[in-house]
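# Inside the fold
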Amino acid sequence: MQEAEFSGRAVVTGAGQGIGRAIALRLLAAGCTVQAIGRSGDKLATLAEEAGVTADKVIISALDIQDSAAVGAALTEAAGPLRYLVNSAGVLKPSRLLEVSEAELREIIDINLTATLVLTQKAARFMATERQGAIVTIGSNSGTTPRTALGAYPASKAGLAHAMKCLGLELADYGVRCNIVSPGSTDTEMQRSFQSDASSLDRVLKGDPEMWRLGIPLRRMADPDDVTDLVLFLLSEKARHITMENIVIDGGATLGAR
């Protein structure tokens, strides 16, 4: 893939850290103007320097994606045609589903599913008007294969993936593609927050009869660049005939089950 093919404005949520940040940096390097959305303005402010581009290539939108009014204003006020959207914002709070509180369940569903879908709806309307664009949403292999001890997270990602497929069917009339990339365990701040020691990493890689079940056959966790490579391919014209797909990238952890 020749990343120089990219141009125009790309919106990336969750751009302050993890997979979202890796994607924002690659899109900047590929020539896009990136509208970086995240809660921490301080983290977003360092994107341009880290990518080695001028400050005007990054549009900083420090906001909570649950604030739909702020999201709408940010998308409307930013200059340039909206060509790409990557939904990477999300939260995970490990807990058995039997034990998760109602408040926490609602928070996970609201951020990972409802707020992300509302933001995508707003962005997709711009793309439909221009009759061009590509959307990639970060899902999870837990949205296709049952997992324990992840609370409401698997349900939120399963719902999000299906909603994006339905949206992709509608957007096809406008030449806009909509795909999902579903990583497994990836070396990010989110993953490290509950993988506290070497023994917990060993359980993730080799499997745990009580939790992770299958483990990871390739015996390594993904790093953000593994996911980013696939995301950029799906955004590019090389994937112009791919839409409504949910591609799992997890080192074989789900054995191809869907």
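Residues numbered from 1 in each chain as written. Predicted model: local features only at pLDDT ≥ 70, side-chain atom pairs only at ≥ 80, totals over all residues. Heavy atoms only, no water.

## Digging into the nonpolar core
Formally: Put simply, buried Ala, Val, Leu, Ile, Met, Phe, Trp, Tyr and Cys residues joined by side-chain atoms within 4.5 Å make one nonpolar core. Burial here depends on accessible area, computed with a 1.4 Å probe over protein chains only, as a share of the maximum for the residue type. Under 20% is buried, over 50% is exposed, and the range in between is partly exposed. Labels follow the DSSP assignment, with helices taken as runs of H or I lasting at least four residues and strands as runs of E lasting at least two, numbered in each case from the N terminus.
Counting 31 residues, the largest nonpolar core has Ile23, Leu27, Leu47, Val231 and Leu235 as the members making the most contacts within it. Among the secondary structure elements, those contributing two or more residues to this core are β1 (9-13), α1 (18-29), β2 (33-38), α3 (47-51), β4 (82-87), β5 (134-138) and α9 (224-235).

## Concerning unusual backbone geometry
Glycine aside, a negative phi is what most residues show, and trans is what most peptide bonds show. Backbone geometry places arginine 131, a non-glycine residue, at a positive phi of 55°. Assignment of secondary structure puts arginine 131 in the loop between α5 (102-130) and β5. In this model, alanine 149 sits at a positive phi of 65°, which is unusual for a non-glycine residue. For alanine 149, the position within the fold is in the loop between β5 and α6 (153-171).

## Considering α9
What counts, and what does not: Helix span is expected to be 1.5 Å times the residue number reduced by one. Contact definition: two residues touch when any of their heavy atoms are within 4.5 Å. Here a polar contact means two N or O atoms within 3.5 Å. Within protein one must be a hydrogen donor candidate and the other an acceptor candidate, and residues neighboring in sequence count only if both atoms are side-chain atoms.
Between its terminal C-alpha atoms α9 stretches 16 Å, which fits the 16 Å expected from twelve residues at 1.5 Å a residue. For α9, every residue scored as buried is listed here: Pro224, Val227, Thr228, Leu230, Val231, Leu232, Leu234 and Leu235. Looking at the buried residues of α9, the elements they touch are α1, β4, β5, β6 (177-183) and β7 (246-249). Two or three places before aspartate 225, at the opening of α9, aspartate 223 has a side-chain oxygen 3.0 Å from that residue's backbone nitrogen.

## A short note on the packing of helix α4 (residues 68-77) against α5
Going by this rule: Axis angles are defined between N-to-C directions and span 0 to 180 degrees, where every axis is a line fitted to C-alpha atoms and, for a helix, only to the segment in contact. For classification, angles of less than 35 degrees are called roughly parallel, those exceeding 145 degrees roughly antiparallel, those between 65 and 115 degrees roughly perpendicular, and all remaining angles oblique. We call a crossing left-handed when the near helix sits turned anticlockwise from the far one by less than a right angle, and right-handed when that turn is clockwise.
Running from N to C, α4 and α5 cross one another at 25°; their axes reach a closest spacing of 10 Å. Taken as axis vectors, α4 and α5 run roughly parallel relative to one another. The chirality of how α4 crosses α5 is right-handed. On α5, the residues touching Ser68, Val71, Gly72, Leu75 and Thr76 of α4 are Val118, Leu119, Lys122, Ala123 and Phe126.

## Here we look at α1
Taking 1.5 Å as the rise per residue, α1 with twelve residues should run 16 Å; its terminal C-alpha atoms sit 17 Å apart, in good agreement. Counting buried residues in α1 gives eleven out of twelve residues, a clear majority hidden from the surface. Buried within α1 are the following residues: Gly18, Ile19, Gly20, Arg21, Ala22, Ile23, Ala24, Leu25, Arg26, Leu27 and Leu28. Positive phi appears at glycine 31, one or two residues downstream of α1, with a value of about 110°.

## Overview of the pairing of β1
Stated precisely, the cut-off is as follows: Being paired, for any two strands, means DSSP has found at least two bridges between them. With the strands aimed away from the viewer, a crossover counts as right-handed if its path from the first strand over the helix to the second runs clockwise.
In terms of residue burial, β1 counts as a mostly covered element, since five of its five residues are buried. The pairing of β1 with β2 spans five bridges and is parallel. Paired with arginine 9 across the two strands is threonine 33, which belongs to β2. Between the parallel elements β1 and β2, the chain passes through α1 in a crossover that is right-handed. The pairing of β1 with β4 spans four bridges and is parallel. What sits directly across from arginine 9, in β4, is leucine 82.

## A closer look at the pattern of salt bridges
The test is simple: Salt-bridge detection follows one rule: a side-chain nitrogen of Lys or Arg within 4 Å of a carboxyl oxygen of Asp or Glu.
Scanning the model with the defined rule gives seven salt bridges in all. Arginine 21 is paired through a salt bridge with glutamate 50; the nearest N and O atoms lie 2.9 Å apart. Remark: glutamate 50 occurs in helix α3 and arginine 21 occurs in helix α1; sequence separation between them is 29 residues. Between lysine 93 and glutamate 107 there is a salt bridge whose closest N-O contact spans 2.8 Å. With lysine 93 in the loop between β4 and α5 and glutamate 107 in helix α5, the pair connects residues that are 14 residues apart, well separated along the chain. Among the charged side chains, a network of salt bridges with common partners joins Arg26, Asp225 and Asp229.

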